[in-house]
Amino acid sequence: MSVTTGRRAAKASPSAAKASEEEASAAEASAPADSVRRELLAAFLRSRRERIKPEQVGLPRGPRRRTPGLRREEVAHLSSVGVTWYTWLEQARDIQVSAQVLDSLSRALMLDTSERAHLFALAGTADPTPAAETTVLPPGIRKVLTQLEPFPACVQNARYDILAYNRVYGRLLGDLDARPPEDRNCMWLAFTDPDWAAAMPDRQETIRLMAARFRSRMAEHLAEPAWKALLNRMERSSPEFRELWERHEVARAVDQTKRFRNAHVGMLSFTYHGLWLGPAEGARLGTYVPQDEETQAGVERLLEVIEEGEAVS
């Protein structure tokens, strides 16, 4: 094509030229907003880093420390990200931040629920945690959980996140209230929490089935950030889980006998009954029905222990 022909083509398509101008104007308009967001994110990270004392995360203060709170390299180490990369974040560089990294930073900086939501909002990234899902339970489910006492009962989703539970379930395998909300996941606790491990006499078979069921369910959620984030966290934190995951076993959920060794009342045996709360394999109400008189007496005694503790406090 000649230069003359090219000019004629340009003159012949004013709509294309106008579209290009509009795209350029839109890009210029969004640039300041993105820059402001990055500056706010950088300032927020610095403020959260500077408020944490080294002793809170198990680090020595040392006599020559001048930095208020944690150093950048300490945050990078605690969150398993590169020091240079984290420094760029605090310098408001134009870099992409994954949900997985933001999740790690949130834990390292000990953010509460509101602060975590603010972090993800500033980064312009969807939070993969199930926190928002806890509010979508059918009305009255929490009352049902209370009415089921002394039977232990909880609501879980397909990822094993514990969305709601009654008092007896909360003390069945340890003190669930003492765990942060992001750790209230049956699979995470079964593989990583010593109290839960001690309360599971059939733990090896249980965790094998958990990993197999998680693999089966995840096949329908491969692109979802929350599923990928949980898988990555499990693989990073548990050699047992990695070994089981590499077997590629799959299994479907079935109601079954479950045994627990409770720290207050001893061995308990249940028949587990699961009731799906929707048409899909999502939230599920699980109730642990005592199999014998000893277990019935045990859960009644456990509820008494809980109520006695509540009365004292």
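As the structure is a prediction and not an experimental result, all values here were calculated from the model.

Rules behind the numbers
Residues numbered from 1 in each chain as written. Predicted model: local features only at pLDDT ≥ 70, side-chain atom pairs only at ≥ 80, totals over all residues. Heavy atoms only, no water. Helix = DSSP H or I, 4+ residues; strand = E, 2+ residues; numbered from the N terminus. Buried < 20%, exposed > 50% of the residue type's maximum accessible area, 1.4 Å probe, protein only. Contact = heavy atoms within 4.5 Å. Areas by Shrake-Rupley, 256 points an atom, 1.4 Å probe, with all protein chains shown as cover. Expected span 1.5 Å × (residues − 1). Disulfide = S-S within 2.5 Å. Pairing = 2+ DSSP bridges. Axes fitted to C-alpha atoms, helices over the stretch in contact; angles between N-to-C directions. Left-handed = near helix turned anticlockwise from the far one by under 90°. Nonpolar A, V, L, I, M, F, W, Y, C, P; charged D, E, K, R; others polar. Core = buried A, V, L, I, M, F, W, Y, C linked by side-chain atoms within 4.5 Å.

Draft legend 1. Quick peek at the overall build of the chain. In terms of regular secondary structure, the chain is built from 14 helices and five strands. Counting every position in the chain, which comprises 313 residues, the buried fraction comes to 39%. Look at the contacts in the chain between residues 6 or more apart in sequence, and 53% of them connect residues 24 or more apart. Total accessible area on the chain stands at roughly 17300 Å², and carbon and sulfur atoms take up 53% of it.

Draft legend 2. Here's a closer look at helix α11 (residues 203-218). Helix length check: α11, at 16 residues, gives a terminal C-alpha distance of 22 Å against a target of 22 Å (1.5 Å per residue), a fit within 8%. With respect to burial, α11 is a largely interior element, 12 of its 16 residues being buried. Restricting attention to buried positions, one finds in α11 the residues Arg 203, Ile 207, Leu 209, Met 210, Ala 211, Ala 212, Arg 213, Phe 214, Arg 215, Ser 216, Arg 217 and Met 218. Along its buried surface, α11 packs onto α9 (186-192), α10 (194-198), α12 (225-237) and α13 (239-245).

Draft legend 3. Quick peek at the state of the cysteines. Scanning the entire structure with this criterion turns up zero disulfides. No disulfide involves Cys 186; its sulfur sits 5.6 Å from that of Cys 154, the nearest cysteine.

Draft legend 4. The sheet that holds strand β4 (residues 266-276), seen in detail. Ordered by their spatial adjacency, five strands build an open sheet running β2-β1-β5-β4-β3, and the pairing between neighbours is antiparallel. Each end of this open sheet is capped by a strand with a single partner; those strands are β2 (162-165) and β3 (257-262). Averaged over neighbouring strand pairs, the angle between their axes works out to 30° when direction is ignored. In the packing of helix α14 (residues 293-312) onto the sheet, the strands contacted are β3, β4 and β5 (284-290), and the crossing angle to β4 comes to about 90°.

Draft legend 5. Structural context of the packing of helix α5 (residues 99-108) against helix α6 (residues 113-123). At a minimum axis separation of 10 Å, α5 and α6 run at an interaxial angle of 145°. When the axes of α5 and α6 are compared, the crossing they make is right-handed. For the pair α5 and α6, contact is made by Ala 99, Leu 102, Asp 103 and Ser 106 and by Arg 116, Leu 119, Phe 120 and Ala 123, respectively. In terms of residue class, the contact of α5 with α6 is built from five nonpolar, one polar and two charged.

Draft legend 6. Just the nonpolar core, in detail. Among the nonpolar cores identified, the biggest contains 35 residues, and Tyr 169, Met 187, Trp 196, Phe 214 and Phe 241 are the most heavily contacted of them. Elements supplying a minimum of two residues to this core: α9, α11, α12, α13 and β4. Considering every element that reaches this core, the biggest residue donor is α9, with six residues. Excluding residues within four positions of it along the chain, Phe 241 makes contact with Met 187, Phe 191, Ala 211, Phe 214, Leu 231, Met 234 and Glu 235. Core analysis: the next-biggest nonpolar cluster, separate from the first, contains 20 residues, Leu 45, Leu 70, Val 81 and Val 97 among them.

Draft legend 7. Inspection of α5 at higher detail. Burial analysis of α5 places eight of its 10 residues in the buried class, which makes it a mostly covered element. Those residues of α5 not exposed but buried are Ala 99, Val 101, Leu 102, Asp 103, Ser 104, Leu 105, Ser 106 and Ala 108. In this fold, the buried residues of α5 make contact with α3 (72-79), α4 (83-90), α6 and α12.

Draft legend 8. Main features of the environment of Leu 119. For Leu 119, the position within the fold is in helix α6. Judged by relative accessible area, Leu 119 falls into the buried class, the value being 0%. The spatial distance from the C-alpha of Leu 119 to the C-alpha of Leu 102 is 7.6 Å, given a sequence separation of 17 residues. Aside from chain neighbours lying at most four places away, what touches Leu 119 is Leu 41, Phe 44, Leu 45, Leu 102, Ser 106 and Leu 111.

Draft legend 9. Spotlight on the pairing of strand β1 (residues 153-156). Residues Ala 153 and Val 155 line one face of β1 and the alternating positions Cys 154 and Gln 156 line the opposite face, and both faces are buried. Note: β1 against β5, four bridges, orientation antiparallel. When the bridges of β5 are listed, Ala 153 appears paired with Thr 287. In this structure, β1 lies alongside β2, joined through three bridges in antiparallel fashion. Its bridge partner lying in β2, Gln 156 is registered against Ile 162. Counted between consecutive antiparallel strands, the loop separating β1 from β2 contains five residues, among which Tyr 160 sits at a positive phi close to 75°.

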